[in-house]
Amino acid sequence: MSYVGYKSPSSIGYDISLEDEILFLRNEMMRTFQEEQSFTSDLVIEISCKLDLKINEYMKLYGMECRV
């Protein structure tokens with residue numbers, strides 16, 4: 001699922017760090033939530049899923065484990 005207004009930094013030709021991409025997705029998720037006024041909107045959920053994947057990638061890269 002993808003929506004017209006969303007483009008990740010890497011999809012538009014920027015070479016950014018994983019940390020920057022996580023920050024970008026977090027900010028994009030918060031901005032979208034404010035526009036949609038819902039944590040359960042499809043757009044917010046899509047960005048949240050992408051953010052989760054990037055956070056997991058970061059944790060694997062730096063040897064961290066999620067201990068829930």
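Everything that follows concerns the structure shown earlier in this document.
**Q** Please set out the packing of helix α1 (residues 18-36) against helix α2 (residues 42-61) residue by residue, giving values where relevant.
**A** Here α1 crosses α2 at 160°, and the two axes come no closer than 9 Å. In terms of their interaxial angle, α1 and α2 are classed as roughly antiparallel. For α1 against α2, the interelement crossing comes out left-handed. Contact residues: Leu 18, Glu 19, Glu 21, Ile 22, Leu 25, Arg 26, Glu 28, Met 29, Thr 32, Phe 33 and Glu 36 in α1; Leu 43, Val 44, Ile 47, Ser 48, Lys 50, Leu 51, Lys 54, Ile 55, Glu 57, Tyr 58 and Leu 61 in α2. Grouping the constituent residues of the contact of α1 with α2 by class yields 12 nonpolar, two polar and eight charged.

**Q** Tell me about α2, residues and numbers included.
**A** Helix length check: α2 (20 residues) gives 29 Å between terminal C-alpha atoms against 28 Å at 1.5 Å per residue, within 8%. Restricting attention to buried positions, one finds in α2 the residues Val 44, Glu 46, Ile 47, Leu 51, Lys 54 and Met 59. At its buried positions, α2 is contacted by α1. In the stretch just after α2, Gly 63 is the one whose phi turns positive, near 75°.

Each value, and the rule that gives it
- Residues numbered from 1 in each chain as written.
- Predicted model: local features only at pLDDT ≥ 70, side-chain atom pairs only at ≥ 80, totals over all residues.
- Heavy atoms only, no water.
- Axes fitted to C-alpha atoms, helices over the stretch in contact; angles between N-to-C directions.
- Helix = DSSP H or I, 4+ residues; strand = E, 2+ residues; numbered from the N terminus.
- Parallel < 35°, antiparallel > 145°, perpendicular 65-115°, else oblique.
- Left-handed = near helix turned anticlockwise from the far one by under 90°.
- Contact = heavy atoms within 4.5 Å.
- Nonpolar A, V, L, I, M, F, W, Y, C, P; charged D, E, K, R; others polar.
- Expected span 1.5 Å × (residues − 1).
- Buried < 20%, exposed > 50% of the residue type's maximum accessible area, 1.4 Å probe, protein only.

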